[in-house]
Amino acid sequence: MGKGVIYKSEIEIITDPVSKTKLKKLSSELSHTFHLYFTNDGWYENNTKLIVGSDRDNASNLYSLDMLSGNFTQLTEYTKEDEAGIQGAFLAADEENVFLIVNNGIRSLHLPTLKEESYYEAPNGYHLSNLSLTADGKEIFFALVQDVLSKEEQSLGSGYLGFEEIEKARPHSKILALEIETKKSRTLHEENRWIGHVNASPTQSHLLSFCHEGPWDQVDHRIWIFDLKENKAYKVGEFDTNQFAGHEYWLKNGTHIGFHGYSDSLEQKEGKFIGSIKYDQTEQSLHSFPYQNMHIHSNSDHLIVGDGQQRSAYHGESFNDSIFLWVKEKNEYSGPYILCQHRGSFQSQKVHVHPRLSPDEKHVLFTSDMDGYGQIYLAEIPSNIRDLPLKKNENL
């Protein structure tokens, strides 16, 4: 197919057997379809459209999903030979341009015309990490990471092959700022650490978060801030020596960062936590919960969504493969409430559940391969969350 091709609605309405929540299954093609990475907001045109990715027609491409009609419009026409970072695409605040990494270069897609433009090519010996745009829309932040393994030695998107080896190699990494108007780039920060998760604050153009990538219990510290006004990088979050936090993301206010973590080891059930902290190292908040989440997301600290793990994570227990909700009450969280079961396998990045609250917090968007292929789902949050089943250890 090609740019502008429209695929008719694939919407199905299903009922979750545990919570009775109504789920809108937005895709059903016999190939993986997925929403953007959980840190990237794909909603636009007053939340009536959504940028998504799909492997239909034997290639990964971007699509616009019309939430009113259910139709998909193809936006790009890459082939299976292209290395396109579809899941990491970033929608600009003007809602006219999408930026993404393709074949180790940065390019833009103009939504009204579907024209693409090249902005940057990575130098030999380095590869691009994720990208994001500043709140004022003037610059792109991204990381360059030294190649230390061959393609045959790594498959981070499917099973994290090479994950520990790259971290131990201490690759030379840079964080760069690319001016959109001039296409000129400058180095903000560099070190011999594997840098990833470069995320611009959604409201503060001088702030970005990044991480020291690798197993959380092996890196020196996971969550970092770079302040362009101060021209310095500093770690964020104070944890005990046996506590490890990550999968950081900016809250909607652009000043606070959410995260989740564990104590001692992933296998240990006790000591899991969710939390948030202000970029200046103040207002840190930690709250315990009984299970490891693969990812959490929130627009504020009032309502948090998490995705638990695959069912096999805790032998003999049920319902940990669910979309969970926590509600803050008097500085404590009630929950987790089961919005629905996702039954996801997490076997590759494309089918990670990556739950994300809608901007109005009335729905949770997530990906699941519960039927064999990754598909996109939208779960409605009830007006009274406390009507949902409450997770209590292995039982309801």
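Rules of the game
Residues numbered from 1 in each chain as written. Predicted model: local features only at pLDDT ≥ 70, side-chain atom pairs only at ≥ 80, totals over all residues. Heavy atoms only, no water. Helix = DSSP H or I, 4+ residues; strand = E, 2+ residues; numbered from the N terminus. Buried < 20%, exposed > 50% of the residue type's maximum accessible area, 1.4 Å probe, protein only. Core = buried A, V, L, I, M, F, W, Y, C linked by side-chain atoms within 4.5 Å. Contact = heavy atoms within 4.5 Å. Pairing = 2+ DSSP bridges. Axes fitted to C-alpha atoms, helices over the stretch in contact; angles between N-to-C directions. 1 Å grid on protein atoms, 1.4 Å probe; cavity = no way out; pocket = protein on both sides within 12 Å on 5 of 7 lines; lining within 4 Å. Points joined across faces, edges and corners; volume = space filled by probe spheres on them. Nonpolar A, V, L, I, M, F, W, Y, C, P; charged D, E, K, R; others polar. Salt bridge = Lys/Arg side-chain N within 4 Å of Asp/Glu carboxyl O.

Draft legend 1. Just the environment of Pro 389, in detail. For Pro 389, the position within the fold is in the segment after β31 (375–380). Owing to a relative accessible area of 19%, Pro 389 belongs among the buried residues under this scheme. Sequence separation between Pro 389 and Val 236 is 153 residues, and the spatial gap between their C-alpha atoms is 35 Å.

Draft legend 2. Region of the structure containing the nonpolar core. Counting 21 residues, the largest nonpolar core has Ile 323, Leu 325, Leu 339, Val 364, Phe 366, Ile 381 and Ile 385 as the members making the most contacts within it. Only β26 (303–306), β27 (322–329), β28 (332–341), β30 (363–368) and β31 provide two or more residues apiece to this core. Excluding its chain neighbours within four sequence positions, the residues that come into contact with Leu 325 are Leu 303, Ile 304, Val 305, Ser 334, Gly 335, Pro 336, Tyr 337, Leu 339, Val 364, Ile 381, Ile 385 and Leu 388. Within the second largest apolar cluster, 17 residues are counted, among which are Phe 90, Phe 99, Leu 144 and Leu 178.

Draft legend 3. Layout of the sheet that holds strand β16 (residues 185–191). If you trace the four strands from one edge of the open sheet to the other, you get β13-β14-β15-β16, paired in antiparallel fashion. The strands lining the two open edges of the sheet, one partner per strand, are β13 (126–133) and β16. Within this sheet the neighbouring strands show an average axis-to-axis angle of 25°, counted without direction. Where strand β14 (residues 139–146) lies against strand β15 (residues 173–179), seven bridges are found, and the strand directions are antiparallel. Along β15, the bridge assignment pairs Ala 143 with Ile 175.

Draft legend 4. Spatial organisation of empty space enclosed by the protein. With the rule as written, the count across this model stands at three cavities of 30 Å³ or more. Each pocket or cavity is described by its volume, and for the largest cavity that value is around 40 Å³. Around the largest cavity, the lining residues are Tyr 249, Leu 251, Gly 258, Gly 275, Ser 276, Ile 296, Ser 298, Ser 300, Asp 301, Ile 304 and Tyr 333. Within the lining of the largest cavity, the residues separate by chemical class into five nonpolar, five polar and one charged.

Draft legend 5. Just the sheet that holds strand β25 (residues 296–297), in detail. A sheet is described by the order of its strands in space; here four strands give the open sequence β25-β26-β27-β28, paired in antiparallel fashion. Both edges of this open sheet fall to β25 and β28, since each of them pairs with a single strand only. By the bridge criterion, two bridges tie β25 to β26 in an arrangement that is antiparallel. From the neighbouring strand, Ile 296 faces β26, where its bridge partner is Gly 306.

Draft legend 6. Fine view of the pattern of salt bridges. Using the criterion set out here, one finds 15 salt bridges in the structure. Among the ionic pairs, Asp 371 bridges to Lys 25, the shortest N-O distance being 2.7 Å. Here Asp 371, found in the loop between β30 and β31, pairs with Lys 25, found in strand β3 (residues 22–25); they are 346 residues apart in sequence, far enough to count as distant. A salt bridge links Glu 213 to Arg 222, with the shortest nitrogen-to-oxygen separation between them at 3.0 Å.

Draft legend 7. Representation of the pairing of strand β2 (residues 12–15). Both β2 and β3 contribute to a ladder of four bridges, which runs antiparallel. Paired with Thr 15 across the bridge in β3 is Lys 22. Turn length for the β2-β3 hairpin, with the two strands adjacent in sequence and antiparallel, is six residues, and the turn residue Lys 20 shows positive phi of about 70°.

Draft legend 8. Quick look at the environment of Gly 196. With respect to the helices and strands, Gly 196 occurs in strand β17 (residues 195–200). Classification of Gly 196 by relative accessible area gives buried; the value is 4%. In the structure, Gly 196 is positioned 21 residues away from Ile 175 in sequence and 9.1 Å away in space, judged by C-alpha atoms. Excluding residues within four positions of it along the chain, Gly 196 makes contact with Ser 129, Asn 130, Phe 210, Cys 211 and Glu 213.

Draft legend 9. How the structure looks around the pairing of strand β10 (residues 97–102). Where burial is concerned, most of β10 is hidden: six out of the six residues are buried. The side-chain alternation of β10 yields two buried faces, one formed by Asn 97, Phe 99 and Ile 101 and the other by Val 98, Leu 100 and Val 102. Two strands pair when backbone bridges link them, and strand β9 (residues 90–91) and β10 are joined in this way by two bridges, in the antiparallel orientation. In the sheet register, Leu 91 faces β10, and the bridge partner there is Val 98. Linking β9 back to β10 in an antiparallel pair, the connection comprises five residues, with Glu 95 at a positive phi of about 60°. Two elements, β10 and strand β11 (residues 105–110), share six bridges in a ladder whose sense is antiparallel. Along β11, the bridge assignment pairs Leu 100 with Arg 107. Counting the residues between successive antiparallel strands, the hairpin from β10 to β11 contains two residues, one of them, Asn 103, with a positive phi of roughly 50°.

Draft legend 10. Quick peek at the environment of Lys 229. The topology assignment puts Lys 229 in the loop between β19 (223–227) and β20 (232–235). Its relative accessible area of 65% is what places Lys 229 among the exposed residues. Along the backbone, Lys 229 and Leu 207 are 22 residues apart, and their C-alpha atoms lie at a distance of 8.3 Å.

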